[in-house]
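Okay, here's what each chain looks like letter by letter:
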Amino acid sequence: MSARLAGRRAIVTGAASGIGAAVAARLAADGARVFTADVKGAVDFVADLTGADANQNLVAAAVAAMGGVDIVVPCAGISAFHPLEGHEDAYFQRVLDINLLAVFRLVRAAVPHLKAHGAGRIVTIGSTTSTFGDEGLCAYAASKHAVLGLTKSIAAELGPFGVTATCVQPGAIDTPMTAPAFTETPAYRDFWENKAPLRRLGRAEDIADVVAFLCSDDARFVSGHGLWVDGGAMARH
Ligand SMILES: NC(=O)c1ccc[n+]([C@@H]2O[C@H](COP(=O)([O-])OP(=O)(O)OC[C@H]3O[C@@H](n4cnc5c(N)ncnc54)[C@H](O)[C@@H]3O)[C@@H](O)[C@H]2O)c1
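Residues numbered from 1 in each chain as written. Predicted model: local features only at pLDDT ≥ 70, side-chain atom pairs only at ≥ 80, totals over all residues. Heavy atoms only, no water.

Visitor: I'd like to hear about the overall build of the protein, residue by residue, with values.
Guide: Within the protein, the secondary structure is distributed over seven helices and seven strands. Compactness check: the protein gives a C-alpha radius of gyration of 17 Å against a globular reference of 18 Å for 237 residues, within 12% of the reference. Projected onto its principal axes, the C-alpha positions of the protein cover 50 × 40 × 35 Å. Taking all 237 residues of the protein together, 48% fall into the buried category. In the protein, of all internal contacts separated by at least 6 residues, the share reaching a separation of at least 24 is 71%. Within the protein, one finds 20 positive and 23 negative side-chain charges whose respective centroids are separated by 8 Å. (Helix = DSSP H or I, 4+ residues; strand = E, 2+ residues; numbered from the N terminus. Rg over C-alpha atoms; globule rule 2.2 N^0.38 Å. Buried < 20%, exposed > 50% of the residue type's maximum accessible area, 1.4 Å probe, protein only. Contact = heavy atoms within 4.5 Å. Lys, Arg positive; Asp, Glu negative; His and termini not counted. Charge placed at Lys NZ, Arg CZ, Asp CG, Glu CD.)

Structure, rendered in structure tokens:
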């Protein structure tokens, strides 16, 4: 494995599970120092990242541990199907709080450190629902559309400081978030496996490898961009 991220210092949230865990492992394998955060699990910083000061405290702890921050990958998020009727305000707000507001707060707190590095990297995790909607996913799709817009605006604002911001948009990935739905509803699993021309669900590593590329010097001229990583599913009618 190359050490293409040697010397880089990364914050990865949602790192106790699924995509975040795979991203943390892949960045570390590429030579980065990685400071992990989650609400649970064996991570460097345990906190509910919807807390008002949680992301600021996370960045402070990461800087204390690593001396700076060059890469930020907010993977923490939640999803569940809720029909529009009976969809409670509190759940809608909860989804926005972790999937959107926490991303904004984390990046905002990291800005001085990313600027100082001169080639900082922000890779947000959107979804194919950053581009499309779906039944039962009002809150989730709203949050993921917003994350893509947030990422584009961050790219515009921080580009002059050499910082790139990109949004990876996973398709159906087999993780602890989605496993219950795929297990309980085999037709749902079949649908997504067959919709993808590559004829399988994604794995967390499929996303992590793309995130690592976007964090590397090879992606130095890629910014303000949403990238589907979905086995081709969304390109197919
Ligand atoms: N799995 C998929 O098919 C898929 C598709 C598109 C996008 N995504 C996105 O990828 C990201 C990771 O999802 P995943 O599939 O790995 O799910 P996951 O449930 O396996 O991991 C999410 C992690 O986020 C953490 N988290 C949730 N709320 C938190 C909070 N308030 N504070 C701190 N940590 C919190 C959880 O504890 C968990 O470890 C999410 O943003 C998700 O929306 C996933």
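Back to the text.
Visitor: So what's going on with the site of the ligand? Residues and values would help.
Guide: Taken together, 31 residues form the shell around the ligand, and within it Ser17, Ile19, Asp38, Tyr140 and Thr175 come nearest. Within the contact set of the ligand, an oxygen atom lies 2.8 Å away from a backbone nitrogen or oxygen of Ile173. Taken by itself the ligand offers 820 Å² of open surface, and the protein chains cover 93% of this. For the shell around the ligand, the secondary-structure elements that each account for two or more residues are α1 (18-29), α3 (89-117) and α4 (138-158). Residues of the shell around the ligand, tallied by class, amount to 16 nonpolar, ten polar and five charged. (Near = heavy atom within 4 Å. Polar contact = N/O pair within 3.5 Å; in protein donor to acceptor, adjacent residues only side chain to side chain. Areas by Shrake-Rupley, 256 points an atom, 1.4 Å probe, with all protein chains shown as cover. Nonpolar A, V, L, I, M, F, W, Y, C, P; charged D, E, K, R; others polar.)

Visitor: Explain the packing of α1 against helix α7 (residues 204-215) to me, and be specific about the residues and the numbers.
Guide: Their axes nearest at 8 Å, the elements α1 and α7 cross at an angle of 50 degrees. In terms of axis orientation, α1 runs oblique to α7. You can see that α1 and α7 cross each other, and the crossing is right-handed. For the pair formed by α1 and α7, the contact residues are Gly18, Ile19, Ala22, Val23, Arg26 and Leu27 on the first element and Ala204, Glu205, Ile207, Ala208, Asp209, Val211, Ala212 and Cys215 on the second. (Axes fitted to C-alpha atoms, helices over the stretch in contact; angles between N-to-C directions. Parallel < 35°, antiparallel > 145°, perpendicular 65-115°, else oblique. Left-handed = near helix turned anticlockwise from the far one by under 90°.)

Visitor: Would you mind going over the side chain of Asp38 in detail, with residue names and values included?
Guide: Take Asp38: it is sitting in strand β2 (residues 33-38). With no salt bridge to any partner, buried Asp38 finds its closest opposite charge in Lys40, at an N-O distance of 5.4 Å. Reaching out from Asp38, the side chain makes a polar contact with the backbone nitrogen of Ala15 at a distance of 3.3 Å. Contacts of Asp38, omitting those with residues within four sequence positions, involve Gly14, Ala15, Ala16, Ser17, Val43, Phe45, Val46 and Ala47. (Salt bridge = Lys/Arg side-chain N within 4 Å of Asp/Glu carboxyl O.)

Visitor: Describe the side chain of Arg8, listing the residues and the values that go with them.
Guide: Inspection of the secondary structure puts Arg8 in the segment before β1 (9-13). A relative accessible area of 11% means that Arg8 is categorised as buried. At 2.9 Å, the side chain of Arg8 and the side chain of Asp217 are in polar contact. When residues no more than four places from it in sequence are discounted, the contact partners of Arg8 are Ala32, Arg33, Asp70, Ile71, His117, Cys215 and Asp217.

Visitor: Before we move on, could you go through the pattern of salt bridges and cite the residues and values that matter?
Guide: Applying the stated rule across the entire model yields nine salt bridges. The salt bridge involving Arg26 is made with Asp209; its shortest N-O contact spans 3.1 Å. Highlighted residues: Arg26 in helix α1 and Asp209 in helix α7, separated in sequence by 183 residues. Among the residues examined, Arg26 registers a relative accessible area of 17% and is labelled buried. A salt bridge links Arg200 to Asp206, with the shortest nitrogen-to-oxygen separation between them at 2.8 Å. A residue is classified by how much of its surface remains accessible, and Asp206, at 21% relative accessible area, is partly exposed. Taken together, the shared-partner salt bridges in this structure form one network comprising Arg4, Arg26, Asp30 and Asp209.

Visitor: Can you lay out the sheet that holds β1 for me, pointing to particular residues and giving the numbers?
Guide: Spatial ordering of the open sheet is given by β3-β2-β1-β4-β5-β6-β7, a layout of seven strands whose pairing is parallel. Edge positions in the open sheet fall to β3 (45-46) and β7 (225-229), since each of these has one partner strand only. Pairing analysis gives five bridges linking strand β5 (residues 121-125) to strand β6 (residues 164-170), with the strands arranged parallel. Its bridge partner lying in β6, Ile122 is registered against Ala165. (Pairing = 2+ DSSP bridges.)

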